[in-house]
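# Descriptive structure summary
Listed here are the chains, written in short residue letters.
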Amino acid sequence: MQSLVALLLLGIVGLASAAQCPKSCTRQERYYTRCGMFGWGRCARYRSVSYTCYRYCQHGGWSEYLVKEDGACNLPCGGGTKTVKSERTCTNPTPYNGGNSCSGQGAKTEQKPCNTHECPIDGGWTQFELETVDQCSKTCGGGTERLTFQRACTDPTPQFGGRACQGDATQITTRACNTNPCPINGGWSEFTLWEDYDECSAGCGGGNKKQYRTRTCTNPAPAFGGNDCDGVDKENQTVECNQEVCGDKCPEGQTTYIQNTNNASRYYQCDNGVARLKACAENTRWDQDSTACVHSEDQQAAVLHSGDECDASILYNFHPDCANFIMFPILFYHILSYVLTSQLI
């Protein structure tokens, strides 16, 4: 019973809010016309008649706008705009029973703000600045030193979700340092082979001779303030020589002389079986025939003969005019005689 009452009340309310809308109605109307033979009869006929009538109706009302197309924002951040297309329907309420449709447009296009949040700011590096310089690896001769540079992610500082700087805040490089040459201390070369100051003090029977050898401070040579070599650059020694027995060349108990074929101003004097080297006075030469040192002019006057200045039997090693002709043969003769005598001994 209560439900029935509620339905009746709703119907009454609905009728109260409803409008009356005119409409074209028709109805059947009876009329009479003559009929029958000779029109003597009267017949009833029906015809449709149009008229305006009214009925309860509902005029249309717009629904809320619904977004149909939400366009892309023209900016990703920082405040842009976008195009928004919305539509509404004439369904609130829907017109019926001849009610009027909604007036106006069912669609609209608007420009709306979008992405109004701040744009992210990615971080940026400052320029590298020298922080520290390490000690050079060498004091001279070219070393390296390490340089440390620093930079900061503050140009600009990352904000609003921006990315931090990529890479390292520290950079290490090297550079040359102390390129001045290092001092080079001198070093000795190897000693040279022993060399004679002079010939042996004896032609046979045992003599000695003084020798020397040298070295130089060139291995390496001192440079760039380096120290010189320590020690001597020359050494001396005395060694035995011509130890072979003189034999018949120097008979025991006799004072004999042997010509020095290497030097015309020298000769050998035999003494107790030793042919000791002797030297003539300055500007004199040994004369084997006279077994004495004589002046060159005296020896030349004694040996030169008129019309025969170059006697092949005489050693003219001091005579420039005869040297080209007989110095070599005579020298060869004496050397050969010495060799044969040595073999016999």
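It should be noted that the structure appears before, not after, this text.
The structure reproduced in this document is the subject of the present report. (Residues numbered from 1 in each chain as written. Predicted model: local features only at pLDDT ≥ 70, side-chain atom pairs only at ≥ 80, totals over all residues. Heavy atoms only, no water.)

### Considering the overall build of the protein chain
Broken down by element type, the protein chain carries three helices and 17 strands. When burial is assessed residue by residue, the protein chain has 21% of its 345 residues classed as buried. When the accessible surface of the protein chain is totalled, it reaches about 24,100 Å², and 50% of it is carbon and sulfur. (Helix = DSSP H or I, 4+ residues; strand = E, 2+ residues; numbered from the N terminus. Buried < 20%, exposed > 50% of the residue type's maximum accessible area, 1.4 Å probe, protein only. Areas by Shrake-Rupley, 256 points an atom, 1.4 Å probe, with all protein chains shown as cover.)

### Considerations on the sheet that holds strand 3 (residues 66-70)
The strand order 3-4-5 describes an open sheet built from three strands, whose pairing is antiparallel. At either margin of the open sheet sits one strand with a lone partner, and together these are strand 3 and strand 5 (107-114). Taken over all neighbouring pairs, the strand axes of this sheet differ in orientation by 35 degrees on average, direction set aside. Bridge count for strand 3 against strand 4 (residues 80-87) is four bridges, and the pairing is antiparallel. In the sheet register, Glu-69 faces strand 4, and the bridge partner there is Lys-85. (Pairing = 2+ DSSP bridges. Axes fitted to C-alpha atoms, helices over the stretch in contact; angles between N-to-C directions.)

### Quick word on the pattern of salt bridges
The full count for this structure, using the stated rule, is twelve salt bridges. In this structure, the salt-bridge partner of Lys-112 is Glu-110, at a minimum N-O distance of 3.8 Å. Using a relative accessible area of 33% as the deciding quantity, one classes Lys-112 as partly exposed. Given a relative accessible area of 28%, Glu-110 falls into the partly exposed group. Note that Glu-235 and Arg-213 form a salt bridge whose closest N and O atoms lie 2.9 Å from each other. Of this pair, Glu-235 sits in strand 12 (residues 234-241) while Arg-213 sits in strand 11 (residues 207-214), and the two are 22 residues apart along the sequence. For Glu-235, a relative accessible area of 27% translates into the label partly exposed. Beyond isolated ion pairs, a larger network of salt bridges with shared partners links Lys-108, Glu-110 and Lys-112. (Salt bridge = Lys/Arg side-chain N within 4 Å of Asp/Glu carboxyl O.)

### Quick look at the pairing of strand 15 (residues 274-279)
With two bridges connecting them, strand 10 (residues 202-204) and strand 15 associate as antiparallel partners. By the bridge assignment for strand 15, Ala-202 is matched with Arg-276. Pairing of strand 14 (residues 266-271) with strand 15 involves six bridges; the strand directions are antiparallel. By the bridge assignment for strand 15, Arg-266 is matched with Ala-279.

### Re the packing of aromatic side chains
A full pass over the atoms with the stated rule returns four aromatic pairs. For the ring pair Tyr-267 and Trp-286, a centre distance of 3.9 Å and an interplane angle of 15 degrees mean the geometry is stacked. Taken as a pair, Tyr-267 in strand 14 and Trp-286 in strand 16 (residues 284-287) lie far apart in primary sequence, 19 residues in all. Both residues of the pair, Tyr-267 and Trp-286, count as buried. One aromatic cluster in this structure is built from Tyr-257, Tyr-267 and Trp-286. The aromatic ring of Tyr-31 is capped on one face by Arg-47, whose charged end is 4.5 Å from the ring centroid. The positively charged end of Arg-215 is found above the aromatic ring belonging to Trp-188, 4.1 Å away from the centroid. (Phe/Tyr/Trp six-rings, centres within 6.5 Å; stacked < 30°, edge-to-face > 60°. Lys NZ or Arg CZ within 6 Å of the ring centre and 35° of its normal.)

### A word on unusual backbone geometry
For the peptide bond that leads from Asp-155 to Pro-156, omega is 0 degrees, which places it in the cis range. Here Pro-156 shows up in the loop between strand 7 (143-150) and strand 8 (170-177). In the segment running from Asn-219 into Pro-220, the intervening peptide bond is cis, with an omega of 0 degrees. With respect to the helices and strands, the residue Pro-220 is situated in the loop between strand 11 and strand 12. In this structure, Asn-178 takes a positive phi of about 45 degrees despite not being glycine.

### Here's the deal with a nonpolar patch on the surface
Together, Met-37, Phe-38 and Trp-40 line one region of the surface with nonpolar side chains, adding up to about 480 Å² of accessible area. Tracing the backbone shows Phe-38 in the loop between strand 1 (19-35) and strand 2 (41-57). (Patch = residues over 30% accessible without salt bridge, like charges linked within 9 Å, V, L, I, M, F, W, Y side chains within 5 Å.)

### So, the side chain of Ser-86
You can see Ser-86 is positioned in strand 4. Ignoring anything within four residues of it in the chain, the contact list for Ser-86 reads Tyr-65, Leu-66, Val-67, Lys-68, Gly-106, Ala-107 and Lys-108. (Contact = heavy atoms within 4.5 Å.)

### Remarks on the sheet that holds strand 6 (residues 129-133)
Spatial strand order, 6-7-8: three strands in an open sheet with antiparallel pairing. Two strands lie at the open edges of the sheet, namely strand 6 and strand 8, each paired on one side alone. Sheet twist, expressed as the average angle between the axes of neighbouring strands with direction ignored, equals 35 degrees. In this sheet, strand 7 lies alongside strand 6 in antiparallel orientation, the contact comprising four bridges. Within strand 7, the residue paired with Glu-129 across the bridge is Gln-150.

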